Each structure stands twice: as C-alpha cells, then as structure tokens.
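A closer look at the structure
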Amino acid sequence: MAVGDYEEVRKYYELTETIGTGGFAKVKLARHLLTGEKVAIKIMDKLALGDDLPRVKIEIDAMKNLRHQHICQLYHVIETSKKIFMVLEYCPGGELFDYIIAKDRLSEEEARVFFRQIVSAIAYVHSQGYAHRDLKPENLLIDEEHHLKLIDFGLCAKPKRGKYSIPKWLSPSSALLLNQMLQVDPKKRITVKHLLTHPWLVQGYSDAVQWQSKYPLGHLDEDCITELSVFHKQSREGMSELISEWKYDQMSATYLLLQSKKARGKRVRLRVPCLTGHASTAQSAGLESEKAMTYEDAPHAFGSMEVSDAASLFEESPLEEFILNTRGTKQHSRHDAQLDGTEFTLSTPVTRKVASKQHENKENVDTESALRNEMPIALPAPKTPSAKSQIETQVQTTPFQAPAFKESQFTTVTPIKKPTNPTNTDELTAAEVLPERRCHSVELDLNRAHVDSSRKKRKAKIFGSLERGLDKVITMLTPSKKKRSARDRPRKVKAHYNVTTTQLLNPDQLLNEIITVLSKKHVEYVQKGYTLKCQTRSDFGKVTMEFELEVCQLSKPEVLGIRRQRLKGDAWVYKRLMEDILSGCQV
Ligand code: 6Z7
C-alpha cells in the first residue's frame, strides 16, 4: 500500500472499516470530514486492475452522468499514481441479495415496492443512453430509508440468462410478468417503457412508476449553495458556477453530501473537521490556506460536532487494523491501545517463516511478505471472551499438505515462546510448524508481556525486525482493564435481517456452538470478543470467502442473536454456508 495514495484521501475523509472486497477492489466505510457524512469508498489498485482499468474509467464516466434516487451516488473521484478511489453513497442496509435470503422470500407487496424502484432506476439509466448489464440482487443496496440503490456500473454480464422455472407460490400475474421479461428474443421481450405502466407494477398504486430523477443535474440547491458560499467566502453566483463544473472533487462531494443531509432533514451546515491530523482545515476544504474560515468568520458553520457519532464510527478494531494492514504501512496507531478485554484465538494459518534476512532491517516490517508463507489450517478450540487471564493460541495442523505460499488478508501470528538465537534467521523461524510442535497449544501471558519493559528489550534483540510486528500484536492484544468489561458481554444490536435469533441463553455456549460448526466446516476464523472474523479457502489456498459472525444481544425480544455479514465471496455459496452453519448450531 502506497502511503501517499491514502494521504490524498485522508485529506478529506476518515477511513474506517472494510465492508467489502472482491476482484481488485475493496470498499471501505469513511466519513467526509467537512460534512460529517458517512460514505463508502471503493479503492482500486491500478496495476492490479490491468486490462480492467478501462472498465473502471467507463464506470466513472457513466456515474458522472447519472444522478437518480435509486442509483448509488458518486461523490468524488480521487486518482493517484497507483490507486483510484471512488467516493460513493453509503448504503447501510447492505445487499438486496442478503435481505431476500434472510427473509426467505419477499411478499409480493414488498417485491413490488422494490421492483418499482429497480424499474425506475433502469428506465432512467436507459433514458441517459446507458445499459447496466449486470442487474442482480448483489448489485442493489439498501439505503438508510430502505430504498434501493443500483451499484456497480461498467461490468459486463454475459447472459447465458433462456431457461428458468417459476416458483409455484407466485401469482399468475407475476408469472406472466417474468415470462414477458425473460424472453430471449429482444423483440418479444417487454420494454422498460411498458414496464412502467405494467398492471403488476401499478397494482395498488394510483400512478405509473416515476422514473424521472428527483435531482436533475442542472438543478442546484439554494441552501447548499448558500452554506458553501458562506464557508468559502464566495458569492453565491461564483459558488454556483464552481459547483456546476461537476469536477467530482472535494467541492462536488461537499455539495452532494450537504444535499443528502438536507434530504434527510438534517441541518445544512458545514463544520470543522477536528478528527484528523492529516490535513489542515483549508486543505480539507479544498481551498488555499488563506481562505480557510475561522469560527469568528461564521460561527454557525462550526456548529454541531457529532462527537459521539463520529467516535463510534471511528472506533476501529485494532485487530482489523492489524489484519488489514498486512503491508506494514498502516499509519494509524492511535487506536492501538484500545483493545478492550477481548480474547483472541489467533486462528488457523500458522506462520511458517515469520522473518527472513530480507526483512530484518526494514523500518516497517513487511508483515505481508513475512506472513504470506502461511500454513493453513488449524482449527482452534473455542475461546470464550469471558476467560480473561491469557491469550491462548491453539496450533494445530490439518491432515492435508498445504501449499507453501499463500496470500491472505488474515494475518495470524504464532506466539513464540522461547526464541533462541537472535541473529540466526533459521532460529527466527521458530514459529514454523514442525512435526513435534503439532497439536499443542502455546500460551502467552499478555498482561505480563505488555508491562515488563526489560523483557521487551530482550525481545527486541531476539526478534529483530519481527519485533515491531509482534509488539503491535501484543499491544493490541493486551487487554485494558478499564475497557474490557465492555466486551465481556455481547454487543446490543437492533433486530435486523442479518441477525438470526436463537433460543440459547448463554452467549459463551452459543459462541462455542458456532466455533464447533466452523471447525467442522473447515472455516478459519479469528475471534475477537464475541465476533468471529471468518474465511474459507480453495484447495489452492486462495481466500474464497470472508465474513463475520457475531453473537449479539437483542432487546426486543430479549434473546441472543447471531449477526452475520459477508465481506467477500460468492453470494450463493455464502448463503448455503450460512444455512449450514446456522442449522449446525443447536440454536
Ligand atoms: C455506483 O455505485 C457503486 C459503484 C461501484 O462500482 C461500487 C459500489 N459499491 C458500494 C458498496 C457498498 C456500499 C456502497 C457502495 C455501502 O455503503 N455498503 C455498506 C455500508 C454500510 C454497511 C453497514 C454494515 N452492513 C453492510 C454495510 C454496507 C457502488
């Protein structure tokens, strides 16, 4: 990861957790510093994109021309030498696919609500001369108001689509509609225009589907322009001209996010980004420094800093920070000490050669390279969050021979009890899984590891370049007494379609049930409190799926639940795995 690439983004946005990965892109949650609005940032590596780079450009060009209530809004494009960042509308409801699966099936009424929105989006897309060509429930997200947003333009689908079966519970009118839409011959297929007034779609409504954009590109919102002109000390006319250029830069992003705030009934106010040390206010505002506004200039603009809101968004998981930062360049260390009483069962892949001469003298230990030589797959024994005194890493090996080199986002570290010779890199491979080390557990007393500085120094000598990586892990793993109670209990969450309720009363028992099933299913996991960050691999060691499972507490009704979230992998494979896991638990 090139630090400079991210610096450009951090001028304007505070990046937090990863909410999706796939192909050559990952999507991270973030907050726009000036407006405080949450956004999703799609991050792509230009080199990795290779031949797909033109597709990304096509998508961006299309997105710049599309603005519609049922299309995920592009706010900002940041291109650096190595990366492309697409700042997009935040859709906290996740994928329609997961929603349907969770509900098993939708009622026709609800399907109609959604379908109207899809048809509306598609009719608009077509009206602008574009075709999406990859319409599927995975490409429809649900926003805060439970409205659908179409995503992922620029992907070509190759429909094989002709043979299909109609579920027997569908009404004759919906079966007829599907039949009209699924005609292979385009001449026989119903047009989007006819769909707008199709009897199935207007049933129970007084009008046809309204497909016209509520936010036409030419229209500028007065309140947003006023706020921006006050903030930037520009005339309203000047500001309108600037916005009308639609450069999809910080100015466009700020305008669009203000507009979105207004649409949700929030105050149209800009504020001082006080959460970052990365950029000055002026820089963040996309202005020359002399134009930066002070509180005295316009106090209203510095109004409500939603501190608690921001804090919760930015409460990064230290483990995730470590896991995701396998390139050794992660700059945010301010959360390092925030680990809160969470026990980790550092999961399955066992680091084989954790250091080599190549890595020894690097300033930032190249954790990824060091950890790429991972050996799958050990399935650790469950570790309940309430067992506090130690962290125990179960090291087991699988019966099969694993490939020697693997790419993994899940970095795992095998605690090394007694390294011997600090200068001998062979000795530094103490974590290698040797036959005699198989099937035993290694214990680390993390409380002691953190406080004993002389031991730490000794360790520094011993581990050489590895020290940084391990220290970070240990720091992260050292429970802070004050905070740990917070994670001794499952998190309270609201009922959501991604949460399956259970009849079990004991969260540790439930966690153990899940872990047992994961082990049976050969799912690797990292445990953090009541959250299990899981992944599966192909026979060749490639990570095929990433997801999270969390034992949580629901309030109405007061029962334990299992929250699940897919981060990567095929939606159908995930669905089946979830069914297996959830039915495998005695819940
Ligand atoms: C045009 O819109 C696009 C284009 C594109 O190429 C990619 C995307 N990708 C997105 C993916 C996810 C989200 C937004 C855009 C998003 O907001 N996801 C999200 C946000 C919050 C939460 C909370 C926890 N549950 C899942 C979740 C997902 C869009």
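Look a little higher up for the structure.
Described below are features of the structure shown in this document.

Calculation criteria
Residues numbered from 1 in each chain as written. Predicted model: local features only at pLDDT ≥ 70, side-chain atom pairs only at ≥ 80, totals over all residues. Heavy atoms only, no water. Phe/Tyr/Trp six-rings, centres within 6.5 Å; stacked < 30°, edge-to-face > 60°. Buried < 20%, exposed > 50% of the residue type's maximum accessible area, 1.4 Å probe, protein only. Near = heavy atom within 4 Å. Polar contact = N/O pair within 3.5 Å; in protein donor to acceptor, adjacent residues only side chain to side chain. Areas by Shrake-Rupley, 256 points an atom, 1.4 Å probe, with all protein chains shown as cover. Helix = DSSP H or I, 4+ residues; strand = E, 2+ residues; numbered from the N terminus. Nonpolar A, V, L, I, M, F, W, Y, C, P; charged D, E, K, R; others polar. Pairing = 2+ DSSP bridges. Axes fitted to C-alpha atoms, helices over the stretch in contact; angles between N-to-C directions.

Another point: the packing of aromatic side chains. Under the defined criterion, the tally for this structure stands at 9 aromatic pairs. Seen from their ring centres, Trp 246 and Tyr 248 are 6.0 Å apart, and the 35° between their planes marks the pair as tilted. Of the residues examined, Tyr 248 reaches a relative accessible area of 1% and is grouped as buried. Taken together, a centroid distance of 5.6 Å and an interplanar angle of 70° make the contact between Trp 246 and Tyr 255 edge-to-face. For Trp 246, a relative accessible area of 16% corresponds to the buried category.

Let us look at the site of the ligand. Neighbouring residues of the ligand: 17 residues in total, closest Lys 42, Glu 59, Cys 72, Cys 91 and Asp 152. Here Lys 42 contributes a side-chain N or O atom positioned 2.5 Å from an oxygen atom of the ligand. Contact distances for the ligand include 2.9 Å between an oxygen atom and a side-chain N or O atom of Asp 152. When the free accessible area of the ligand is taken as 620 Å², the share hidden by the protein chains comes to 86%. The set of elements that each furnish at least two residues to the shell around the ligand consists of strand S2 (25–32), strand S3 (38–45), helix H3 (53–64) and strand S5 (83–89). A class-by-class count of the residues in the shell around the ligand yields 12 nonpolar, 1 polar and 4 charged.

Here we come to the sheet that holds S3. On the basis of which strands lie adjacent, the open sheet formed by 5 strands has the order S1-S2-S3-S5-S4 and antiparallel pairing. In this open sheet, the two edge strands, each paired with only one partner strand, are strand S1 (13–22) and strand S4 (74–79). Averaged over all pairs of adjacent strands, the angle between strand axes in this sheet comes to 25°, irrespective of strand direction. Of the strand pairs in this sheet, S3 and S5 are connected by 7 bridges, and their pairing is antiparallel. Looking across to S5, one finds that Val 39 is bridged to Glu 89.

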